Amino acid sequence: MNVSDELKMYIDCKEHTGAFLLTGKWGCGKTYLIKNLKSEIDSDNKVMLIVSLFGIDSVEMLTKTIKEQVLKLLLGITEDNHNIDFIQKIVNMISRFSDKISSIKANISLTLNEFINIEKKVEFFGKSKEIILVFDDFERSNLNTIELLGVINEFCENRQIKTIVIADEEKIESDKEMGTKSYKDFKEKVIQSTCRLSVNYDEVIANIILNYSETYNGYHEFLVKNIDSLKQVFYESESNNLRTIKAILIGFERVYNTCRKESLDSNYIRDIFYSYSVMIFESRKGNFQKGAYGYLFIDTSFKEKYLLYNKNGSALGQLKQYVCENNWNENEFVDEIIRKYKKVNILMLKNS
């Protein structure tokens, strides 16, 4: 049985004895798996609420964050937090015209969150929906680990809410203690099941590409045709970080579109895509930074690691600037690819 099936069984099981811990290394695809699972779970009678614990530093802040998720569910609005601000502005505006209704004024002065209760089921446009709480980035919370487990226990044990925790368990500080109790002691009381995600990277990369929504026509087809190039860079990088894949796909789309507008040969675009992917992976590791000599020796520490890096001169200067400084200059990039590829081809034709 795979991880998704284990999670579904936990969610569907009528018995309830604790939370489900999904663990695995950073960037291995835990959040990606959960978001895909959410699309299957959300229905007329169930809804999955995903809450990131990143930067959460108090129980009050965590409660407020969960209530905002429930509020968005009840109001049927998108995940855009500005919508909550918009609703609050409407409430505030109504309060200005409610001078004669003191009871309304008193209630309006309260924040919307104070009207929300976090329960196993919520009313949703006349229907009752069971909540499945998902706490992502457990190890990135600023709350004391034991205190955080206590909050999770409140939801899963006392309120009987199915609760999934996503974490890289190896990065949880086991020495955070409350009295003589450690993380391992409290984990046994709170966590019902633990499942480690072993990733089929080929399959996940393929799914990321297949589900990518292109902005420029033809980009998705290009990605599908060159999936092997991306996989090769991924394995050569030895980073096992799937988040970087999405960053590469998004960042390269404007590069692709410029190359396509200039009618650059598809083989050259593939080479540029490969070299760009290398730059992003190494940049994320801190190995690709502008030095005292600019970009001259920027890739000397890793270029031998990647078999096709800079093939046909594809490690372009404008590409390096784009990655290092997030500075995209389309005109200069066009000038460079014309000098690098088109003028060379013209000379070759003249000499043939």
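Along each chain, the written sequence defines residue order, and numbers are assigned to residues from 1. Totals for whole chains, interfaces and linings use every residue, but because this is a predicted model, local features are given only for residues with pLDDT of at least 70 and side-chain atom pairs only at 80 or more, for both listing and counting. As a rule here, side-chain values cover all heavy atoms of the structure and leave hydrogens and water aside.

Novice: Mind showing me how you'd approach the packing of helix α8 (residues 201-210) against helix α11 (residues 243-261) here?
Specialist: What describes two packed helices is the angle between their axes and the distance between those same axes. Axis angles are defined between N-to-C directions and span 0 to 180 degrees, where every axis is a line fitted to C-alpha atoms and, for a helix, only to the segment in contact. Strands are runs of DSSP state E lasting at least two residues, helices are runs of H or I lasting at least four, and both sets are numbered from the N terminus onward. α11 packs onto α8 with a crossing angle of 30 degrees between their chain directions and a minimal axis gap of 11 Å. Here α11 runs roughly parallel to α8, going by the angle between their axes. As for the relative orientation of α8 and α11, their crossing is right-handed in sense. Residues Ile205, Ile208 and Ile209 of α8 form the contact with α11, whose participating residues are Ile245, Lys246 and Leu249. Charged means Asp, Glu, Lys or Arg here, nonpolar means Ala, Val, Leu, Ile, Met, Phe, Trp, Tyr, Cys or Pro, and polar covers whatever is left, Gly included. When its residues are assigned to classes, the contact of α8 with α11 shows 5 nonpolar, no polar and 1 charged. Geometric relationships in this document are graded by angle, where less than 35 degrees denotes roughly parallel, more than 145 denotes roughly antiparallel, 65 to 115 denotes roughly perpendicular, and other angles denote oblique. Here a crossing is taken to be left-handed if its near helix is turned anticlockwise relative to the far helix by less than a right angle, and right-handed if that turn runs clockwise. By definition, residues are in contact when any of their heavy atoms lie within 4.5 Å.

Novice: Teacher, can you tell me more about the packing of aromatic side chains here?
Specialist: Here a ring pair, both rings aromatic, is described through the centre-centre distance and the interplanar angle of the planes. Two rings from Phe, Tyr or Trp (for Trp, the six-membered ring) form a pair when their centres are within 6.5 Å of each other. A pair whose planes differ by under 30 degrees is stacked, one over 60 is edge-to-face, and the rest are tilted. All chains considered together, the criterion is met by 21 aromatic pairs. Residues phenylalanine 222 and phenylalanine 273 carry aromatic rings whose centres are separated by 5.4 Å and whose planes lie at 75 degrees to one another, so their mutual orientation is edge-to-face. Of this pair, phenylalanine 222 sits in helix α9 (residues 219-225) while phenylalanine 273 sits in helix α12 (residues 266-284); the two residues are 51 residues apart in sequence, bridging distant segments of the chain. Across this residue pair, the class does not change: phenylalanine 222 and phenylalanine 273 are buried. As a reminder, the over-ring test applies to NZ of lysine and CZ of arginine, requiring each to be within 6 Å of the ring centre and within 35 degrees of the ring normal. Of note, lysine 162 hangs over the ring of tyrosine 10, and the distance from its end group to the ring centre comes to 5.3 Å. In this structure, lysine 189 packs its charged tip against the face of phenylalanine 186, placed 5.8 Å from the ring centre. Here the term buried applies to any residue with accessible area under 20% of the maximum for its type, exposed to any over 50%, and partly exposed to those in between, with areas from a 1.4 Å probe on protein chains only.

Novice: Sorry if this is basic, but what is going on with helix α13 (residues 317-325) here?
Specialist: Because each turn of an α-helix spans 3.6 residues, side chains separated by three or four positions end up pointing in the same direction. Burial in α13 covers these residues: Gln318, Leu319, Lys320, Gln321, Tyr322 and Val323. One or two residues past the end of α13 sits asparagine 326, with phi positive at roughly 50 degrees.

Novice: How should the pairing of strand β2 (residues 46-52) be read in this particular structure?
Specialist: Looking along a regular strand, one sees side chains alternate from face to face of the sheet. With respect to burial, β2 is a largely interior element, 5 of its 7 residues being buried. In this scheme, strands are said to pair when DSSP sees at least two bridges between them. Looking at chain direction, β2 and strand β4 (residues 127-136) are connected through 7 bridges and run parallel. Paired with methionine 48 across the bridge in β4 is isoleucine 132.

Novice: Honestly, unusual backbone geometry in this entry has me stumped. Any pointers?
Specialist: At asparagine 310, a residue that is not glycine, the phi angle is positive and equals roughly 65 degrees. With respect to the element layout, asparagine 310 can be found in the loop between α12 and α13. Within the chain, asparagine 326 stands out as a residue other than glycine whose phi angle is a positive 50 degrees. Along the chain, the position of asparagine 326 falls in the loop between α13 and α14 (330-351).

Novice: Just to check I follow, could you spell out the nonpolar core for this structure?
Specialist: Soluble globular proteins tend to pack their nonpolar side chains together in the buried interior. Put simply, buried Ala, Val, Leu, Ile, Met, Phe, Trp, Tyr and Cys residues joined by side-chain atoms within 4.5 Å make one nonpolar core. Grouped together as the largest cluster of nonpolar side chains are 66 residues, with contacts concentrated most on Ile164, Leu249 and Phe252. Element by element, the count of residues in this core is highest for α12, at 10 residues. Apart from residues lying up to four places away in sequence, phenylalanine 252 is in contact with Tyr219, Phe222, Ile269, Ile272, Phe273 and Tyr276. In this structure, Val51, Leu53, Leu62 and Cys156 belong to the second largest nonpolar core, which totals 33 residues.

Novice: Could you clarify how one ought to interpret the environment of glutamate 325 in this entry?
Specialist: Locating glutamate 325 in the fold gives a position in helix α13. A sequence separation of 36 residues divides glutamate 325 from glutamine 289, and the C-alpha atoms of the two residues are 8.9 Å apart. If we skip the residues at most four places from it in the chain, glutamate 325 touches Lys290 and Tyr295.

Novice: Could you clarify how one ought to interpret the pattern of salt bridges in this entry?
Specialist: Pairing between side chains of opposite charge can happen when their charged atoms approach one another. Basic side-chain nitrogens of Lys or Arg form a salt bridge, by our definition, when they fall within 4 Å of a carboxyl oxygen of Asp or Glu. One pass over the structure, following the stated rule, counts 15 salt bridges. The partner of lysine 38 in a salt bridge is aspartate 42, and the shortest N-O contact between them spans 2.7 Å. Among the residues examined, aspartate 42 registers a relative accessible area of 29% and is labelled partly exposed. Residues lysine 305 and glutamate 282 are paired through a salt bridge, measuring 3.6 Å at the closest nitrogen-oxygen approach. In this pair, lysine 305 is assigned in the loop between α12 and α13 and glutamate 282 in helix α12, connecting sequence segments 23 residues apart. Note on lysine 305: relative accessible area 33%, which makes it partly exposed.

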